[in-house]
Amino acid sequence: MGLSRDDRLADGPAQAARWLTARLADEPAYGSDVLREAADEGFAKSTVQRAAQHLGVQKIRSKDDGNRFLWSLCFDPDASDGCRRRDRR
């Protein structure tokens, strides 16, 4: 038997966090693009934003590209490996 609707809804934030981790694993992305792609996958904007907060996603304003926000799992962009992630400390 599959998951009930309530079980699927309760697991939504965890699924969004897994999706967001995979989406930002290799490189940063503009928040507007991430949110659009997440919506295409069926995630609500607020769920993705909560997942981003939980994961510690850095949101940095890009002055070179219309003040858009760049989302990244990187916490030290000046690290020797270019972008050490929290799980690699």
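None of the values given here were measured: they were computed from a predicted structure.

Conventions we followed
- Residues numbered from 1 in each chain as written.
- Predicted model: local features only at pLDDT ≥ 70, side-chain atom pairs only at ≥ 80, totals over all residues.
- Heavy atoms only, no water.
- Core = buried A, V, L, I, M, F, W, Y, C linked by side-chain atoms within 4.5 Å.
- Buried < 20%, exposed > 50% of the residue type's maximum accessible area, 1.4 Å probe, protein only.
- Helix = DSSP H or I, 4+ residues; strand = E, 2+ residues; numbered from the N terminus.
- Pairing = 2+ DSSP bridges.
- Contact = heavy atoms within 4.5 Å.
- Axes fitted to C-alpha atoms, helices over the stretch in contact; angles between N-to-C directions.
- Parallel < 35°, antiparallel > 145°, perpendicular 65-115°, else oblique.
- Left-handed = near helix turned anticlockwise from the far one by under 90°.
- Nonpolar A, V, L, I, M, F, W, Y, C, P; charged D, E, K, R; others polar.

A. A look at the nonpolar core. By size, the foremost hydrophobic cluster in this structure holds 16 residues, and its most contacted members are Leu 20, Leu 24, Val 34, Val 48, Val 57 and Trp 71. For this core, the element with the highest residue contribution is helix H2 (residues 12–24), accounting for 5 residues.

B. Up close: the pairing of strand E2 (residues 58–62). Bridge count between E2 and strand E3 (residues 68–72): 5 bridges; the pairing is antiparallel. Directly across from Arg 61, in E3, lies its bridge partner Phe 69. Between E2 and E3, which pair antiparallel and follow one another directly, the connecting turn spans 5 residues, one of which, Gly 66, has a positive phi of 65°.

C. Layout of the environment of Ile 60. With respect to the helices, strands and loops of the structure, Ile 60 is situated in strand E2. If sequence neighbours within four positions are ignored, Ile 60 has contacts with Arg 68, Phe 69 and Leu 70.

D. Spatial organisation of the packing of helix H3 (residues 31–40) against helix H4 (residues 45–55). Relative to each other, H3 and H4 sit at 125°, their axes nearing to 9 Å. Compared by their axis directions, H3 and H4 come out oblique. Relative to H4, H3 is oriented so that their crossing is right-handed. From H3, Val 34, Leu 35 and Ala 38 reach across to H4, where they touch Lys 45, Val 48 and Gln 49. Looking at side-chain class alone, the contact of H3 with H4 contains 4 nonpolar, 1 polar and 1 charged residues.

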